[in-house]
Amino acid sequence: QVHLVESGGGLVQAGGSLRLSCAASGDVAATEIMAWFRQALGKEREFVAAHRWGDITFYANSAKGRFFIGRDNAANTVYLQMNNLHAEDTAIYYCAAKFLRSADYVYWGQGTQVTVSS
């Protein structure tokens with residue numbers, strides 16, 4: 001079992017920055033890939049970025065060049081640095097984790113609200 005706790009959400013003006021954190025506890029072996037997803041009001045949840053052991057990263061097109069995902073293995077924490085935020089980035093951001101061989105993300109955090117005012 002893995003427990004994920006997000007933090008760092010809040011209200012920011014367009015063009016500003018926020019840094020989200022996701023701390024993992026429990027079976028760390030099940031966090032070979034940790035990712036961020038988001039869900040805006042009335043929309044489906046969408047992938048934002050992922051970090052794989054070996055420091056391999058993946059980004060949605062909407063995040064490339066503005067968002068950066070990193071991981072502190074010693075702290076079992078993954079970060080999402082979000083720069084030049086747009087109003088359309090407003091959403092609940094969720095942290096997720098899975099084994100590399102798993103098809104789906106099994107473990108999810110409770111989410112943290114990010115609101116970007118225009």
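Structure's up top.
None of these values were measured; they are calculated from a predicted model.

1. Quick word on the pattern of salt bridges
For the coordinates displayed, the defined rule picks out 3 salt bridges. For Asp 89, the salt bridge goes to Arg 66, with nearest N and O atoms at 2.8 Å. Residue Asp 89 is located in the loop between β8 (77-82) and β9 (91-98), and its partner Arg 66 is located in the loop between β6 (56-59) and β7 (67-72); the two are separated by 23 residues in the primary sequence. For the pair shown, Asp 89 and Arg 66 are each scored as buried.

2. Things to note about the pairing of strand β1 (residues 2-7)
Within a regular beta strand, the side chains point alternately toward one face of the sheet and then the other, so they alternate between its two faces. With burial as the criterion, only one face of β1 is covered, namely that bearing Val 2, Leu 4 and Glu 6; the residues His 3, Val 5 and Ser 7 on the opposite face remain uncovered. Judged from the 6 bridges that link them, β1 and strand β3 (residues 18-26) form a sheet pairing that is antiparallel. Pairing of Leu 4 across the sheet is with Ala 24, part of β3.

3. A short note on the environment of Thr 115
Locating Thr 115 in the fold gives a position in strand β11 (residues 112-117). Placed 82 residues apart in sequence, Thr 115 and Ile 33 show a C-alpha to C-alpha distance of 26 Å. Looking at Thr 115, its side chain comes within polar contact range of the side chain of Gln 113, at 3.3 Å.

Reading guide: rules and limits
- Residues numbered from 1 in each chain as written.
- Predicted model: local features only at pLDDT ≥ 70, side-chain atom pairs only at ≥ 80, totals over all residues.
- Heavy atoms only, no water.
- Salt bridge = Lys/Arg side-chain N within 4 Å of Asp/Glu carboxyl O.
- Helix = DSSP H or I, 4+ residues; strand = E, 2+ residues; numbered from the N terminus.
- Buried < 20%, exposed > 50% of the residue type's maximum accessible area, 1.4 Å probe, protein only.
- Pairing = 2+ DSSP bridges.
- Polar contact = N/O pair within 3.5 Å; in protein donor to acceptor, adjacent residues only side chain to side chain.

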